[in-house]
Amino acid sequence: MQTKRALIKLSGEALAAPDGYWLHPPTLSTLAEDIAAAARSGVEIAVVIGGGNVIRGARVSAAGWIDRATADSMGMLATVMNSIALESAINAAGVSARTMSAVSMPTICETYARQPALHHLARGHVLILAGGTGNPFFTTDTAAVLRAAELKCDTVMKATNVDGVYTADPKKDPTARRYDRLTHDEAIQGNLKIMDTAAFALAREAGLHIVVFSIQEKGSISAVLGGQGRATTVAP
Ligand code: UDP
């Protein structure tokens with residue numbers, strides 16, 4: 001099936017520097033060039049980026065000095081920082097990008113609304129969706145599936161550090177086998193750590209395909225969109 005509109009889910013950690021600093025400009029540029037190349041090929045591209053390189057609400061609130069909802073608000077703000085950094089880098093790569101946030105902050109970026117978001121996509125802008133779902137106790141994986149469903153994306157491309165879903169961690173277990181294809185139920189029952197259960201359950205409800213692939217090699221987004229490149233598809 002030819003992909004017309006794809007949503008790419010990037011973890012915030014994809015932007016982090018090797019020394020742990022939250023943002024690594026060369027990595028950001030490489031990612032932005034990959035996204036720009038995919039957009040130039042004519043596929044409409046939406047991107048959801050997480051904030052785990054800066055803060056994860058559950059971890060911060062577990063320390064006990066702040067409640068979970070407040071810590072999650074901090075996490076959502078982190079996704080906005082990553083989003084506008086990525087927007088700048090995609091613009092610098094020569095493709096127009098727009099950020100819309102589920103958390104309203106009109107002096108920084110547009111507030112997310114479905115119809116204007118669809119217009120941005122139809123005009124060929126890369127659409128970066130910041131602020132997660134706008135609600136605490138969710139993740140940006142769930143936000144990615146939610147936005148992909150409401151914006152009628154053909155697929156969610158979940159970028160990871162490995163080229164698909166394995167029976168065990170391939171970096172630790174040399175006998176681990178890669179799945180070519182899984183159902184949403186298998187992903188949920190197997191408690192696979194690729195995406196959270198809420199995200200898989202919503203994808204199952206919406207009949208959405210999730211393609212799990214590695215972002216480590218340059219050009220991997222276009223390769224997977226073109227049907228090449230190794231990946232695992234989670235589909236009904
Ligand atoms: N977050 C939230 N609601 C959402 C999405 C994210 O509260 O809909 C918060 C939550 O604290 C989360 C943080 O933002 O830990 C960063 O998002 P996530 O952990 O999904 O980022 P990633 O792991 O993809 O970098």
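Here the structure is a predicted model, which means the values were calculated and not measured.

Participant: Got a sec to walk through the site of the ligand? Specific residues and values, please.
Facilitator: Close contacts around the ligand come from 23 residues, with G50, G52, G57, G75 and G132 the closest. Contributing elements (two or more residues each) for the shell around the ligand: α2 (57-62), α3 (68-92) and α5 (140-150). Residue composition of the shell around the ligand, grouped by class: six nonpolar, 13 polar and four charged.

Participant: So what's going on with the environment of T111? Which residues, and what values?
Facilitator: Positionally, T111 belongs in strand β4 (residues 110-111). Look at T111 and you get partly exposed, because 14 C-beta atoms sit within 10 Å. The spatial distance from the C-alpha of T111 to the C-alpha of I215 is 28 Å, given a sequence separation of 104 residues. Discounting residues that sit within four places of it in the chain, T111 has contacts with M100, S101, S104 and P106.

Participant: Account for the UniProt feature "domain: Aspartate/glutamate/uridylate kinase" (unreviewed entry) in the protein, with residues named and values stated.
Facilitator: UniProt's entry tags residues 4-214 with the feature "domain: Aspartate/glutamate/uridylate kinase" (unreviewed entry), counted in the numbering of this structure. When the span residues 4-214 is considered, its composition is 39% helix and 20% strand, and the gap between its end C-alpha atoms is 21 Å.

Participant: Quick rundown of the UniProt feature "binding site: UMP" (unreviewed entry) in the protein? Include the residues and the values.
Facilitator: Under the feature "binding site: UMP" (unreviewed entry), the UniProt entry names G51, D72, T133, G134, N135, P136, F137, F138, T139 and T140. Separation in sequence by 90 residues is not matched in space for these annotated residues, since their most distant C-alpha atoms are only 14.1 Å apart. Mapping P136 onto the fold places it in the loop between β5 (126-130) and α5. With near-sequence residues (within four places) excluded, P136 lies in contact with G57, R68, A69, D72 and S73. Here T140 shows up in helix α5.

Participant: I'd like to hear about the pairing of strand β2 (residues 44-49), residue by residue, with values.
Facilitator: β2 sits mainly inside the fold: six of its six residues count as buried. In this sheet, β2 lies alongside strand β1 (residues 5-10) in parallel orientation, the contact comprising six bridges. When the sheet's bridge partners are listed, L10 is paired in β2 with I49. Considered for its hand, the β-α-β crossover made up of β1, helix α1 (residues 25-40) and β2 is right-handed. As paired strands, β2 and β5 are joined by three bridges and run parallel to one another.

Participant: Lay out the pairing of strand β10 (residues 209-214) in plain terms, naming residues and giving numbers.
Facilitator: Of all the six residues making up β10, five are buried; the element is thus mostly covered by neighbouring parts of the structure. Where strand β6 (residues 155-160) lies against β10, six bridges are found, and the strand directions are parallel. Among the inter-strand pairings, M157 is bridged to a residue of β10, identified as V211. Here four bridges tie β10 to strand β11 (residues 231-234), and the two strands are oriented antiparallel to one another. Within β11, the position partnered with I210 by the bridge is V234.

Participant: Explain the packing of α5 against helix α7 (residues 197-206) to me, using residue names and the numbers behind them.
Facilitator: It is at 8 Å that the axes of α5 and α7 come closest, and there the two elements cross at 15°. Classed by the angle they form, the pair α5 and α7 counts as roughly parallel. Helix-helix and strand crossings are classified by hand; for α5 and α7 the assignment is left-handed. Counting all contacts with α5, which are made through D141, T142, V145, L146 and A149, the residues of α7 involved are A198, A199, L202, A203 and A206. When the residues that make up the contact of α5 with α7 are grouped by side-chain class, the tally is eight nonpolar, one polar and one charged.

About the thresholds
- Residues numbered from 1 in each chain as written.
- Predicted model: local features only at pLDDT ≥ 70, side-chain atom pairs only at ≥ 80, totals over all residues.
- Near = placed C-beta within 6 Å.
- Helix = DSSP H or I, 4+ residues; strand = E, 2+ residues; numbered from the N terminus.
- Nonpolar A, V, L, I, M, F, W, Y, C, P; charged D, E, K, R; others polar.
- Buried ≥ 20, exposed ≤ 12 C-beta atoms within 10 Å, placed from the backbone.
- Contact = placed C-beta atoms within 7 Å.
- UniProt positions renumbered as here; feature names shortened; annotations may be inferred.
- Pairing = 2+ DSSP bridges.
- Right-handed = clockwise from strand over helix to strand, strands pointing away.
- Axes fitted to C-alpha atoms, helices over the stretch in contact; angles between N-to-C directions.
- Parallel < 35°, antiparallel > 145°, perpendicular 65-115°, else oblique.
- Left-handed = near helix turned anticlockwise from the far one by under 90°.

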